[in-house]
Amino acid sequence: MRVDIVTIFPEFFQVLDVSLLGKARQDGIIDVRVHDLRDATTDRHRTVDDTPYGGGAGMVMKPEPWGQTIDAILDDAAGQPAVPAEGSGSGDARPLVVFPSPAGTVFTQATARRYALEPHIVFGCGRYEGIDQRVFDDTAERARVELVSLGDYVLNGGEVAVTAMIEAFGRLVPGVVGNPESLVEESHEDGLLEYPSYTKPALWRGREVPDVLLSGHHAKIAAWRHEQQIERTRRVRPELLPPELR
Ligand SMILES: CN1CCC[C@H](Cn2ccc3ccc(-c4n[nH]c(N)c4C#N)cc32)C1
């Protein structure tokens, strides 16, 4: 899987060199390439923004550097088809270009599962008040374009969102997580929040571990954990409960 990231803060993504994603990159499972948008500027000040047409506060990101950078990435990728992850992908062979945006559809575990099947994703990290709309419209001429939001709050740019999204789908790409079993019983994977976890010691500051977890009775443990998931989901995120459990 190939991932391209366009940003004015390339150093922001050094975080992707560590932990699971760093190993996935070293193992060649995920090929992450970071592009500095300012490399596509032509003026001495490497300008990427300008005042908004129609007035208003803040600055808007100019379309030219974006168009040049995205074209270069898509042209390069066209010559090196990326290998899709196992499983059925979107069926649309065009690359996927994702722009984080507070105006986008909310990123969920279902989005992460879908992205994990894509052979190639380009992420465009906006800053300032956002990117000139014509960048999205022009890119949509040759790629699938998605505006995606991390959640209902305002960030200063797309980099934090892209980091979270790459972690969320990256861990689902086959070979990234050592034990795929650990991906099954986690929050949102089965629509419910995860059950509480415990480890040694059996007694800590006067607090014991639930007896069922010490029983060795796997069926009872599984039943207790599922009940905990339902109780926790009902308490914290009732809207996630399937109708029959509400
Ligand atoms: C005051 N203005 C309002 C519009 C956005 C401006 C900052 N900005 C520029 C590019 C950009 C990209 C994503 C996000 C963002 N914010 N919240 C989320 N869940 C996001 C996601 N994904 C924010 C962004 C700040």
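Data block above holds the structure.
Scoring rules and cut-offs
- Residues numbered from 1 in each chain as written.
- Predicted model: local features only at pLDDT ≥ 70, side-chain atom pairs only at ≥ 80, totals over all residues.
- Heavy atoms only, no water.
- Near = heavy atom within 4 Å.
- Polar contact = N/O pair within 3.5 Å; in protein donor to acceptor, adjacent residues only side chain to side chain.
- Areas by Shrake-Rupley, 256 points an atom, 1.4 Å probe, with all protein chains shown as cover.
- 1 Å grid on protein atoms, 1.4 Å probe; cavity = no way out; pocket = protein on both sides within 12 Å on 5 of 7 lines; lining within 4 Å.
- Sits in = over half its atoms within 2 Å of the grid points.
- Helix = DSSP H or I, 4+ residues; strand = E, 2+ residues; numbered from the N terminus.
- Nonpolar A, V, L, I, M, F, W, Y, C, P; charged D, E, K, R; others polar.
- Core = buried A, V, L, I, M, F, W, Y, C linked by side-chain atoms within 4.5 Å.
- Buried < 20%, exposed > 50% of the residue type's maximum accessible area, 1.4 Å probe, protein only.
- Contact = heavy atoms within 4.5 Å.
- Pairing = 2+ DSSP bridges.
- Axes fitted to C-alpha atoms, helices over the stretch in contact; angles between N-to-C directions.

**What about the site of the ligand?**
Line of reasoning, step 1. Around the ligand sit 18 residues, and of these E129, S149, G151, Y153 and L155 come closest.
Line of reasoning, step 2. Separating a nitrogen atom of the ligand from a backbone N or O atom of Y153 is a distance of 2.5 Å.
Line of reasoning, step 3. Notes on the ligand: free accessible area 540 Å², of which the protein chains cover 83%.
Line of reasoning, step 4. The site holding the ligand turns out to be the largest pocket.
Line of reasoning, step 5. Looking at the shell around the ligand, the elements that each hand over two or more residues are β5 (96-106) and β7 (144-149).
Line of reasoning, step 6. For the shell around the ligand, the class distribution of residues is 9 nonpolar, 7 polar and 2 charged.

**A word on the nonpolar core**
Line of reasoning, step 1. Core analysis: the biggest nonpolar cluster contains 30 residues, and V3, I5, Y115, F123, I166 and F169 have the highest contact counts within it.
Line of reasoning, step 2. Listed by contribution, the elements that provide at least two residues to this core are β1 (2-7), α1 (19-26), β5, α3 (109-115), β6 (120-124) and α5 (159-170).
Line of reasoning, step 3. Here the element with the most residues in this core is α5; it accounts for 6 residues.
Line of reasoning, step 4. Ignoring any residue separated from it by four or fewer positions in sequence, one finds F169 in contact with M1, V3, A112, Y115, A116, I121 and F123.
Line of reasoning, step 5. Counting residues in each nonpolar core, the second largest holds 16 residues, with V6, M61, I73 and V97 among its members.

**Overview of the sheet that holds β6**
Line of reasoning, step 1. Read from one edge to the other, the open sheet built from 5 strands follows the order β2-β1-β6-β5-β7, with strand pairing classed as parallel. A strand with exactly one partner marks an edge of an open sheet, and here the two such strands are β2 (31-36) and β7. Sheet twist, expressed as the mean angle between neighbouring strand axes with direction ignored, is 30 degrees.
Line of reasoning, step 2. Direction of pairing for β1 relative to β6: parallel, over a ladder of 5 bridges. Paired with V3 across the strands is I121, a residue of β6.
Line of reasoning, step 3. Contacting β1, β2, β5 and β6, helix α2 (residues 63-78) runs over the sheet at an angle of about 165 degrees to β1.

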